[in-house]
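A structural walkthrough
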Amino acid sequence: MMTTEISRSALTLRPDFATIAAWIRPGSSVLDLGCGDGTLLHYLRDKLDIHGYGVEIDAHNILACMKNGINVIQNDLEAGLSEFEGESFDYVILSQTLQAMKNTEYIIREMLRVGKEGIVSFPNFGYWKNRIQVAGGHMPVSPTLPYQWYDTPNVHLCTLHDFEQLCQQHRVNILERRVMNNDKKVTFLPNLFGILAFYRFSHAA
Amino acid sequence: MSTQDSDSIGIVSARRAHFDTPLSLKSGAVLDSYELVYETYGELNADRSNAVLICHALSGNHHVAGVYADNPKNTGWWNNMIGPGKPVDTRKFFVIGINNLGGCHGSTGPISINDKTGKRFGPDFPLVTTADWAKTYVRFADQFGIDCFAAVIGGSLGGMSAMQLALDAPERVRHAIVVAASARLTAQNIAFNDVARQAILTDPDFHDGDYYSHGTHPRRGLRLARMLGHITYLSDDSMASKFGRELRNGSLAFNYDVEFQIESYLHHQGDKFADLFDANTYLLMTKALDYFDPAQDYDGNLSAAFARAQADFLVLSFTSDWRFSPERSRDIVKALLDNKLNVSYAEIPSSYGHDSFLMQDDYYHQLIRAYMNNIAL
């Protein structure tokens, strides 16, 4: 539909976006919550012919989406997704934003109301280097958790185990899990060696 | 990127298009022929794919950008938005401003001479709606050989007119930019319009709309209508910061003369407007606002009303706009989302109320610039 400036960078997609993209069926509909500058949606549109919208609250990101030719709706995720009808998307993505949400349970419910499937990614607080920093008496600071404790948007950090427990409690059915250490897949002790966690989930039947 | 570096389109002139095919109006009335006065900026490209229609608001007209050779102070009402290098770039687009049918700036309207009587139409001019205007836009495009507008853009009533065209002639609109608009007026909003109309209708100089033949003009009514409207176009905060409780002469006079600066400002706005605008046109335009309600034929279901739309939309609102609040823009966005149309929506931080859509604001202008840049021709 539109010519854009990020098509070149989208070819070398961030590894975390590539993990999500691998789960998306071509031609599907996608809602990307906290879509940033629209890079992921742009990639999904160009490579997988999806139809999608991003949701953003930050003015700079909204402008960046506009420049990138991405549909973007200004909205505060904490207030829910009232503009969107039930089951109106194949996938609702929440990429590295869950840990910064105040209403964690509400947004997961909303994702599964609006989408047939939800996809989340978040930094694994159980990663061994984080544990070592905590054992050493400090809150962890790392490339995926790059904030000091007094100046962080992250209010709800969790481990893989924590998230899976929440899913169980809320009758969320985990369809697929992928745990990454940079661009490497982690299968051995993922709650210890994984840096980023990805889940694809739906309503439990 | 600074927006100050761009130039005005410069000297422009208005032209006139004549239409001889009778126009059936929504009211049931028929206009046998009519004229529209318009301006264009930029060049229509060879395949006529770069036309952008600007729809004006309640008191606007076709003079959207540039200045007139014989009146260099008369700058177009959206000159900060439209011109070479501006958000709506006339180096890329062929931009058209039309004075709506029923207007008082040259298009056929209440002050025009009715060929059948040899007198001004006055109260006999039929009420026109956004749907009637949409028909006139299509006919206008036909005359230029424009099959499809690259974009239709409008704020306030202009945004409603843009939506109406996107609904009534979906194949003729590729993009619609709807700014500070609403899918229908609220009761409060209609109430404001009614007070404005009552001010005019009850002015002894109104003479049932036939004031032209009495050699009068309902100046007091029109002035009051404009003063009321103006209050609703500003925000409490912008009035407070611009005028506060400042007194014109420094102390209370204990009489009914102009004392507060806000009074002085409002009187000035009212006076200026009453000298330039036609009261019948004002009445008619407020009715067009009140009647706009695309969901009406769909049991109030706006999403059903938008099922026929095909255009991509950009919807913008302003945080301090209480006359056409962000919530009303979100209604439009919801209807577009329900139909899986391409749409972007931003709520622009601004303290200037409804009038924000006319103001120079970097973020607002950057959004429109970015959107317009991405329209492929």
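Note: the structure precedes this text.
Report follows, based on the coordinates. (Residues numbered from 1 in each chain as written. Chains lettered and ligands numbered in written order. Predicted model: local features only at pLDDT ≥ 70, side-chain atom pairs only at ≥ 80, totals over all residues. Heavy atoms only, no water.)

**A word on the overall build of chain A**
For chain A, the count of helices and strands is 8 helices and 8 strands. Since a compact globule built from 205 residues should have a radius of gyration of about 17 Å, the 17 Å found for chain A is in line with a globular shape. For chain A, the residues scored as buried account for 53% of the 205 residues in total. Here the analysis covers contacts within chain A between residues at least 6 apart in sequence; of these, 65% occur between residues at least 24 apart. Of the roughly 9,800 Å² that chain A leaves accessible, carbon and sulfur atoms contribute 52%. Put simply, chain A has 18 plus and 22 minus side-chain charges, and the middle of one group is 7 Å from the middle of the other. (Helix = DSSP H or I, 4+ residues; strand = E, 2+ residues; numbered from the N terminus. Rg over C-alpha atoms; globule rule 2.2 N^0.38 Å. Buried < 20%, exposed > 50% of the residue type's maximum accessible area, 1.4 Å probe, protein only. Contact = heavy atoms within 4.5 Å. Areas by Shrake-Rupley, 256 points an atom, 1.4 Å probe, with all protein chains shown as cover. Lys, Arg positive; Asp, Glu negative; His and termini not counted. Charge placed at Lys NZ, Arg CZ, Asp CG, Glu CD.)

**Topic: the environment of B:F206**
Residue and element names in this part refer to chain B. You can see F206 is positioned in the loop between helix 3 (187-201) and helix 4 (219-233). With a relative accessible area of 6%, F206 lands in the buried category. In this structure, the C-alpha to C-alpha distance between F206 and A183, residues 23 residues apart in sequence, is 32 Å. Leave out the neighbours within four places in its chain, and F206 touches I200, L201, Y211, P218, N280 and L283.

**So, the interface of chain B and chain A**
Opposite the 23 residues of chain B that make contact, chain A presents 23 residues. Around 2,000 Å² of area is buried between chain B and chain A when both sides are counted, 54% of it from carbon and sulfur atoms. Put simply, chain B and chain A have 2 salt bridges between them. For the salt bridge of A:E85 with B:K334, the shortest nitrogen-to-oxygen distance reads 2.5 Å. Summed over the shared surface of chain B and chain A, the result is 16 residue pairs in polar contact (both at pLDDT 80 or more). If you list the elements that add at least two residues to the side of chain B that touches chain A, you get strand 13 (312-318), helix 9 (326-338), strand 14 (343-348) and helix 10 (362-373) of chain B. (Buried area = accessible area lost by both parts, 1.4 Å probe. Salt bridge = Lys/Arg side-chain N within 4 Å of Asp/Glu carboxyl O. Polar contact = N/O pair within 3.5 Å; in protein donor to acceptor, adjacent residues only side chain to side chain.)

**Comments concerning the packing of helix 4 (residues 59-67) of chain A against helix 10 of chain B**
The geometry of helix 4 of chain A relative to helix 10 of chain B is characterised by a closest axis approach of 8 Å and an angle of 20° between their N-to-C directions. With respect to helix 10 of chain B, the axis of helix 4 of chain A lies roughly parallel. Crossing handedness for the pair helix 4 of chain A and helix 10 of chain B: left-handed. Listed contacts from helix 10 of chain B to A:A59, A:I62, A:L63, A:M66 and A:K67 of helix 4 of chain A are B:Y363, B:Q366, B:L367, B:A370 and B:Y371. Grouping the constituent residues of the contact of helix 4 of chain A with helix 10 of chain B by class yields 8 nonpolar, 1 polar and 1 charged. (Axes fitted to C-alpha atoms, helices over the stretch in contact; angles between N-to-C directions. Parallel < 35°, antiparallel > 145°, perpendicular 65-115°, else oblique. Left-handed = near helix turned anticlockwise from the far one by under 90°. Nonpolar A, V, L, I, M, F, W, Y, C, P; charged D, E, K, R; others polar.)

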